[in-house]
Amino acid sequence: MPTTRQAIEQETKRVRAVQDKQAAKYDRQISFFERILFGDGRPWVCSQARGRVLELAAGTARNLPFYASDVDLTALS
């Protein structure tokens, strides 16, 4: 039986493989749901940012165009 660490590493590898397979389709798929569910939510939320901003899980960087030019942005994927 694998150790806890081995099990975690194995599951991490599996999840990464699934995400890698879906990555190319993500922006197209999420665009559909955003139009239906959130409308202009992404641009509105990012436009509210001021000063220093830390964006966690920036992923495919879909939010970045919506930040004002004077925002001091750090984005982590």
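Before any of the text, the structure's been laid out above.
What comes next is a walk through the structure. Treat the numbers as computed from the prediction; the structure is a model and nothing was measured. (Residues numbered from 1 in each chain as written. Predicted model: local features only at pLDDT ≥ 70, side-chain atom pairs only at ≥ 80, totals over all residues. Heavy atoms only, no water.)

Turning our eyes to something else, we now look at the pairing of strand β1 (residues 52-55). Alternating residues of β1 divide into V53 and E55, all buried, and R52 and L54, none buried. Judged from the 4 bridges that link them, β1 and strand β2 (residues 72-75) form a sheet pairing that is parallel. Directly across from V53, in β2, lies its bridge partner L73. (Buried < 20%, exposed > 50% of the residue type's maximum accessible area, 1.4 Å probe, protein only. Helix = DSSP H or I, 4+ residues; strand = E, 2+ residues; numbered from the N terminus. Pairing = 2+ DSSP bridges.)

On to a nonpolar patch on the surface. Nonpolar side chains collect at one region of the surface, where F32, F33, I36, L37 and F38 lie side by side and expose about 570 Å² of accessible area between them. Among the structural elements, I36 can be located in helix α1 (residues 4-38). (Patch = residues over 30% accessible without salt bridge, like charges linked within 9 Å, V, L, I, M, F, W, Y side chains within 5 Å. Areas by Shrake-Rupley, 256 points an atom, 1.4 Å probe, with all protein chains shown as cover. Salt bridge = Lys/Arg side-chain N within 4 Å of Asp/Glu carboxyl O.)

As a further point, take the pattern of salt bridges. A full pass over the atoms with the stated rule returns 6 salt bridges. The shortest N-O distance in the salt bridge between E34 and R62 comes to 3.2 Å. One end of the pair, E34, is in helix α1; the other, R62, is in the loop between β1 and β2, and 28 residues separate them in sequence. By relative accessible area, E34 is classed as buried at 13%.

Take the nonpolar core next. Membership of the largest hydrophobic core is limited to 5 residues, which are C46, A49, V53, Y67 and V71. Setting aside residues no more than four positions away along its own chain, C46 makes contact with N63, F66 and Y67. (Core = buried A, V, L, I, M, F, W, Y, C linked by side-chain atoms within 4.5 Å. Contact = heavy atoms within 4.5 Å.)

We now examine the packing of aromatic side chains. Per the stated rule, a full pass over the model turns up 1 aromatic pair. Ring centres 5.1 Å apart and planes at 75° place the aromatic pair F32 and F33 in the edge-to-face group. (Phe/Tyr/Trp six-rings, centres within 6.5 Å; stacked < 30°, edge-to-face > 60°.)

Its place among the elements puts E55 in strand β1. Here E55 sits buried without a salt bridge, and the closest side chain of opposite charge, R42, lies 5.9 Å off (N-O distance). Among the polar contacts listed, one links the side chain of E55 to the side chain of N63, at a separation of 2.9 Å. Among the polar contacts listed, one links the side chain of E55 to the side chain of Y67, at a separation of 2.4 Å. Those residues in contact with E55, other than ones at most four positions away along the chain, are N63, Y67, L73, T74, A75 and L76. (Lys, Arg positive; Asp, Glu negative; His and termini not counted. Polar contact = N/O pair within 3.5 Å; in protein donor to acceptor, adjacent residues only side chain to side chain.)

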